[in-house]
Amino acid sequence: MPARIDKTVVSGVFSLDGQDFDVDNNVWLVGDDETVLVIDAPHDAAPILAAVAGRALGAIVLTHGHNDHITAAVALREATGAPIWFNPADRMLWDVVHPDAAPDHDLVEGTTFDVAGTQLVAMHTPGHSPGSTCLHAPELGTVFTGDTLFCGGPGATGRSYSDKPTILTSIRERLLTLDGDTVVRTGHGDDTTVAAETGNIS
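Since the model is a prediction, treat every value here as computed from it, not as a measurement. (Residues numbered from 1 in each chain as written. Predicted model: local features only at pLDDT ≥ 70, side-chain atom pairs only at ≥ 80, totals over all residues. Heavy atoms only, no water.)

So, the nonpolar core
Under the convention used in this document: The criterion is simple. A nonpolar core is a set of buried Ala, Val, Leu, Ile, Met, Phe, Trp, Tyr and Cys residues joined through side-chain atoms within 4.5 Å. Residue exposure (1.4 Å probe, protein chains only): buried if accessible area is under 20% of the type maximum, exposed if over 50%, otherwise partly exposed. Only DSSP runs of H or I covering at least 4 residues are called helices, and only runs of E covering at least 2 are called strands; the numbering of each starts at the N terminus.
In this structure, Val-38, Ala-41, Ile-48, Ile-60, Leu-62 and Trp-94 are the most contacted members of the largest nonpolar core, which totals 22 residues. Mapped onto this core, the elements with two or more residues apiece are strand 2 (19–31), strand 3 (35–39), helix 1 (45–52), strand 4 (56–61), helix 3 (73–80) and strand 5 (84–86). Counting residues in each nonpolar core, the second largest holds 18 residues, with Leu-37, Ala-59, Ala-122 and Phe-144 among its members.

Structural data, given as structure tokens:
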């Protein structure tokens, strides 16, 4: 059987450019009853650990460096021993949140993860941030897009280190070229599909 996908939502504060926003973040868990991989570690490690539920955590994979996706990563690593994978292009964002800790491995284009017999492949999709990275799981018919693509269109680009033309190119060339039935599992809010979002990218 392929891996299953679970989601837990963790609420907290997103801070950037001197502004704070209350947000609900999706944490995605891919695995089976024995092993699991976690995508993003926002706000508080406790609910993520509860969702891991004693399984062996193979990796903590962070889609980008905004604080609302990485705040709990170090605590989650300390609790489980799992390594943190992070795109080095967002290191300036990481260092604001975790000045005394470092990720374990570079998350780059083509990095692969194998969990519960299923492979996830990293796709570098800059724009929301320089290091924004999606994870494509072809066998599961899904892509985890962080804040690159949402239900309704692209992620925000009005803040430091973001760029709208870049995110649109990433979405058009990397995500909209996937099968239209591919389920898009986002960093915030509802799921969508590649086909549904094709008309929302201009």
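A short note on the pattern of salt bridges
Put simply, the rule is: A side-chain nitrogen of Lys or Arg and a carboxyl oxygen of Asp or Glu constitute a salt bridge if their distance falls within 4 Å.
Here the structure, examined in full by the defined rule, presents 6 salt bridges. The residue Asp-6 makes a salt bridge to Arg-4 at a minimum N-O spacing of 3.2 Å. The salt bridge involving Glu-109 is made with Arg-174; its shortest N-O contact spans 2.9 Å. One end of the pair, Glu-109, is in the loop between strand 6 (105–106) and strand 7 (112–115); the other, Arg-174, is in helix 5 (residues 164–175), and 65 residues separate them in sequence.

Observations concerning the side chain of Arg-77
Definition in use: Any two residues having at least one pair of non-hydrogen atoms within 4.5 Å are treated as being in contact.
Within the secondary structure, Arg-77 sits in helix 3. For Arg-77, a relative accessible area of 17% gives the class buried. Among all residues touching Arg-77, those that are not within four sequence positions of it are Ile-60, Ala-82, Ile-84, Ala-101, Ala-102, Pro-103 and Asp-104.

Things to note about the pairing of strand 9 (residues 133–137)
Each regular strand shows side chains that alternate between the opposite faces of the sheet. Spelled out, the test is: Criterion used throughout: strands pair if DSSP finds at least two bridges between them.
Of all 5 residues in strand 9, 5 are buried; the element is thus mostly enclosed. Alternating residues of strand 9 divide into Thr-133, Leu-135 and Ala-137 and Cys-134 and His-136, and every residue in both groups is buried. Bridge count between strand 8 (residues 118–124) and strand 9: 4 bridges; the pairing is antiparallel. Following the sheet pairing, Ala-122 is matched in strand 9 by Leu-135. Pairing of strand 9 with strand 10 (residues 142–146) involves 3 bridges; the strand directions are antiparallel. By the bridge assignment for strand 10, His-136 is matched with Val-143. Between strand 9 and strand 10, which pair antiparallel one after the other, the connecting turn spans 4 residues, and Gly-141 there sits at a positive phi close to 65°.

Thoughts on helix 3
The condition is simple: The directions considered for the arc run from the helix axis to the C-beta atoms.
Taken as a whole, helix 3 has its buried residues at Ala-73, Val-74, Leu-76 and Arg-77. Taken around the axis of helix 3, the buried residues stretch over an arc of 160°, which confines them to a single face. Packed against the buried residues of helix 3 are strand 3, helix 1, strand 4, helix 2 (67–70), strand 5 and helix 4 (91–97). Within two residues after helix 3, Gly-81 carries a phi angle of roughly 80°, on the positive side.

A look at the packing of aromatic side chains
Our working definition: The aromatic pairing rule takes the rings of Phe, Tyr and Trp, using the six-membered ring of Trp, and pairs them if the centres are within 6.5 Å, calling planes under 30 degrees apart stacked, those over 60 edge-to-face and the rest tilted.
For the coordinates displayed, the defined rule picks out 4 aromatic pairs. On the basis of an interplanar angle of 85° and a centroid distance of 5.0 Å, the ring pair of Trp-85 and Phe-113 is categorised as edge-to-face. Here Trp-85, found in strand 5, pairs with Phe-113, found in strand 7; they are 28 residues apart in sequence, far enough to count as distant. Residue classification places Trp-85 among the buried residues on the basis of a relative accessible area of 18%. Looking at Phe-113, the relative accessible area reads 6%, which means it is buried.

Observations concerning the environment of Leu-16
Along the chain, the position of Leu-16 falls in strand 1 (residues 4–16). Of the residues examined, Leu-16 reaches a relative accessible area of 11% and is grouped as buried. As for Leu-16 and Asp-68, which are separated by 52 residues in sequence, their C-alpha atoms are 9.7 Å apart. Contacts of Leu-16, omitting those with residues within four sequence positions, involve His-66, Leu-93, Arg-159 and Ser-160.

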